[in-house]
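Here are the chains, one letter per residue:
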Amino acid sequence: MSSAATIFALASGAGRAGVAVIRVSGPDAGRAVAALSGRPLPDPRLAVRRRFVDVDGALLDDGLLLWFPGPASFTGEDVAELQIHGGAAVIEAIAAALEAQGLRLARPGEFTRRAFENGKLDLTAAEAIADLVDAETEGQRRQALRQMQGALAALYDGWRARLLTILALIEGEIDFPDEDLPDALAARTVPDLSALAAEMDAHLADHARGERVRDGYRIAIIGAPNAGKSSLLNALVQREAAIVSDTPGTTRDVVEVRLVLAGYPVWLADTAGLREAADAIESDGVRRALARAEEADLRIALVEAGANEVAPQLADALRDGDFLLTSKSDLGAGTVAPVSRDVERLAVSTATGAGLNDLLARLTRRIVSALGETEAPALTRHRHREAVRETRDHLQRALAAFRIGGAELVAEDVRLAARALGRLTGRIDVEDVLGEIFASFCIGK
C-alpha cells in the first residue's frame, strides 16, 4: 500500500452525535485543511476554533481544528483532526469538500497500517488497537491496553535479541575456526537455547487464556430433557432467552447467550436434552449438544432431584472440574449417583432461587482463575501462537543438532527461529500477513 495519497475518514462512531471527528493524514493534509478553514494552520497540537468552508467559500460548519505535523503524529505523517458537529449532513459536506481538495477516503485500518509502516508501532500493538476498539468488557479492555503498550512486543523482542546473541556465538565458531576463540564456543549456548525453549513452552501452555478473553469463555448446559436447562439459562442471564416448557425436547438446537462475569465475556449455551432420539431432528439436536459440550471450556450438567443415576451420555460428556447440579431441588431431595469425574456438586432451584447465588459465585471464581491477568502477557491471536510454536520447534531442532555435532545445522535453525519472532512483531518479512491483519479494522483506524 502506497502512503503517497492523502487520506481522510470519520474517526468517531457513525450515526447522529454531538461531535464527530474526521482524521486526515498524508503529505497534502496541511494544504487541504488550510484551504478548508480559509486560514493558515494553527500551532501544532493546539485546538483552535475554525469555520470550515467549501471551494466556493460557502460555510459548512463551525468547529475545532488540530494540527499534528509529522513525524510527531499517530501515523508519522502530517495529520489533522477536525472536530465538527455530528449530524450526517455536516459529515457528508466536510467529506465532499476534502474530496474536492484531492483527498480520498481511507481504507479499513489504513491509518494504523501507515503508523506501522512508519515505525510508530509494531504489529502486536496494531492488533491491540483493533482489540481496544472492539473491547466490550473490562477484561478485554485491560488485555488490549496492555498489549498496545508493548507487553507482547517486549517479550518477543527480548527473545529475539537473545537468539541473535546466541547465533553470533555459533557463527563465530563456524566462520573463524582458526582464530583464538574460547573452546566449544557454540556448545556454551545450549543452556540458553534450552531456557528459551522452556520459556516458550510455558508461554504456549496457557490454555488459550488470551484468545478466550477476546472471544469469550464458553459454558455448555447439558442434561436430560426437562431437567431444567433452559430455566437455568434464563435465571443466569435474568431474562427469557430460551423457551421453557413442561414438554420434553422443547430445545432442539443450541441457544447461546452472552453475559459478563467479573469483567470477562461468557457465552452460555442451552443444549438439546440428551436421550435416545425419537426422530432425525432430535437426533441432530443431541449431536449438536454433545459437540458443543466437547468444545466448551466448562460444562454444567443438570440431573433432576430424586434421580438415582447419571445417564451414560451425560456422564461421558463430563470432564474433571465440571459442575454437576441437582436441579429442581425444591421438589424433592436425593443424592445423585457418583460419576467417574472430579466434579463440583451443587443443588439449585430456579423456582425458589436456591443455590443460584452460590453457583454464580463459583462460576465467577472459575472464570477469574482461568482468564485473570498474570505477570506474563497472554497470546491473543492464532497468528501469535503459531509463530511462537514455530520458533520453539526450531529451537528444539537446534538442540537436537548439537547432539550430532552439526554446528551449521544449529545455526540455521536458530536463524529461522529469530526470523519467526521477527515476523511476529513485524520487524522482518511480514508483507504476506499485513492485508489479513488490517482488513479486520474499522475505517478511521
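What you see is a predicted model, and the numbers here were worked out from it, not measured in a lab.

The helix and strand tally for the protein chain stands at 15 helices and twelve strands. In the protein chain, of all internal contacts separated by at least 6 residues, the share reaching a separation of at least 24 is 62%. Surface summary for the protein chain: the accessible area is close to 20,900 Å², and the carbon and sulfur share equals 52%.

Bringing the sheet that holds strand E10 (residues 298-304) into the picture now. Sheet architecture is open: six strands sit in the order E8-E9-E7-E10-E11-E12, paired in mixed fashion. Across the chains shown, the open sheet's two edge strands, defined by having one partner strand only, are strand E8 (255-261) and strand E12 (344-347). Here the strands of the sheet are splayed against their neighbours by 25 degrees on average, with no regard to which way each runs. Here helix H9 (residues 229-237) sits on the sheet and contacts strand E7 (217-223), E8, strand E9 (264-270), E10 and strand E11 (323-327); the angle it forms with E9, its principal contact strand, is near 155 degrees.

This brings us to the packing of H9 against helix H12 (residues 356-371). Relative orientation of the contacting elements H9 and H12 amounts to 75 degrees, with a least axis distance of 11 Å. Of the possible angle classes, the one that applies to H9 and H12 is roughly perpendicular. Note on element contacts: H12 touches H9 through Leu 356, Leu 359 and Leu 360, opposite Leu 232, Ala 235 and Leu 236. Partitioning the contact of H9 with H12 into residue classes produces six nonpolar, no polar and no charged.

Our next topic: the packing of helix H13 (residues 382-403) against helix H14 (residues 407-425). Where H13 contacts H14, the axes come no closer than 8 Å and their chain directions differ by 170 degrees. Taken together, the axis directions place H13 and H14 in an arrangement best described as roughly antiparallel. Across the interface between the two elements, Arg 383, His 384, Ala 387, Val 388, Glu 390, Thr 391, His 394, Leu 395, Arg 397, Ala 398, Ala 401 and Phe 402 of H13 pack against Leu 409, Val 410, Asp 413, Val 414, Leu 416, Ala 417, Ala 420, Leu 421, Arg 423 and Leu 424 of H14. Across the contact of H13 with H14, the residue classes tally to 14 nonpolar, three polar and five charged.

Considering the arrangement of structural elements, one finds Thr 189 in the loop between helix H6 (151-175) and helix H7 (190-204). Of the residues examined, Thr 189 reaches a relative accessible area of 1% and is grouped as buried. Thr 189 has contacts with Ile 166, Leu 169, Ile 170 and Phe 402, leaving out every residue within four places of it along the chain.

Strand order in the open sheet made by the six strands is E3-E4-E5-E2-E1-E6, with mixed pairing throughout. Only two strands of the sheet have a single partner each, and these edge strands are strand E3 (48-53) and strand E6 (104-105). Of the strand pairs in this sheet, strand E1 (residues 7-10) and E6 are connected by two bridges, and their pairing is parallel. Its bridge partner lying in E6, Phe 8 is registered against Leu 105. The strands that helix H1 (residues 29-37) touches are strand E2 (17-25), E3, strand E4 (59-68) and strand E5 (79-86); relative to E3, the one it contacts most, it runs at about 80 degrees. Its contacts with the sheet place helix H2 (residues 88-100) against E1, E2, E3, E4 and E5, and it is angled at close to 150 degrees to E5.

This next bit is on the nonpolar core. Leu 232 and Leu 325 are the most contacted members of the largest nonpolar core, which has 28 residues in total. Looking at this core, the elements with two or more residues in it are E7, H9, E8, E9, E10, E11 and H12. The biggest single contributor to this core is H12, with six residues. With residues near it in sequence (within four places) discarded, Leu 232 still touches Ile 221, Ile 300, Leu 302, Leu 325, Thr 350, Leu 356 and Leu 359.

All right, on to H14 then. With 19 residues, H14 extends 28 Å from end C-alpha to end C-alpha; this agrees with the ideal 27 Å at 1.5 Å per step. All buried positions along H14 are accounted for by Ala 407, Val 410, Ala 411, Asp 413, Val 414, Ala 417, Ala 418, Ala 420, Leu 421, Gly 422, Leu 424 and Thr 425. In the stretch just after H14, Gly 426 is the one whose phi turns positive, near 90 degrees.

The geometry of an aromatic ring pair is captured by the separation of the ring centres together with the interplanar angle, meaning the angle of the planes. Inspection of the entire model under this criterion finds one aromatic pair. Measuring from ring centre to ring centre gives 5.8 Å for Tyr 156 and Trp 159, while their planes differ by 45 degrees; the resulting arrangement is tilted. You can see Tyr 156 and its partner Trp 159 sitting in helix H6, three residues apart, about one turn around the helix. A relative accessible area of 2% places Trp 159 in the buried class. Lying across the ring of Phe 111, Arg 23 places its NZ or CZ 5.5 Å from the centre.

Locating Thr 391 in the fold gives a position in helix H13. Dropping the residues within four chain positions of it, Thr 391 is found in contact with Leu 163, Met 200, Ala 417, Ala 420 and Leu 421.

What follows covers helix H5 (residues 138-148). Along H5, the residues that are buried comprise Gly 139, Gln 140, Gln 143, Ala 144 and Gln 147. Down the axis, H5 shows its buried residues gathered within 125 degrees of arc, on one side only. Gly 150 sits one or two positions beyond H5 and adopts a positive phi of about 105 degrees.

Here is what the cut-offs are and how they apply
- Residues numbered from 1 in each chain as written.
- Predicted model: local features only at pLDDT ≥ 70, side-chain atom pairs only at ≥ 80, totals over all residues.
- Heavy atoms only, no water.
- Helix = DSSP H or I, 4+ residues; strand = E, 2+ residues; numbered from the N terminus.
- Contact = heavy atoms within 4.5 Å.
- Areas by Shrake-Rupley, 256 points an atom, 1.4 Å probe, with all protein chains shown as cover.
- Pairing = 2+ DSSP bridges.
- Axes fitted to C-alpha atoms, helices over the stretch in contact; angles between N-to-C directions.
- Parallel < 35°, antiparallel > 145°, perpendicular 65-115°, else oblique.
- Nonpolar A, V, L, I, M, F, W, Y, C, P; charged D, E, K, R; others polar.
- Buried < 20%, exposed > 50% of the residue type's maximum accessible area, 1.4 Å probe, protein only.
- Core = buried A, V, L, I, M, F, W, Y, C linked by side-chain atoms within 4.5 Å.
- Expected span 1.5 Å × (residues − 1).
- Phe/Tyr/Trp six-rings, centres within 6.5 Å; stacked < 30°, edge-to-face > 60°.
- Lys NZ or Arg CZ within 6 Å of the ring centre and 35° of its normal.
- Arc of directions from axis to C-beta.

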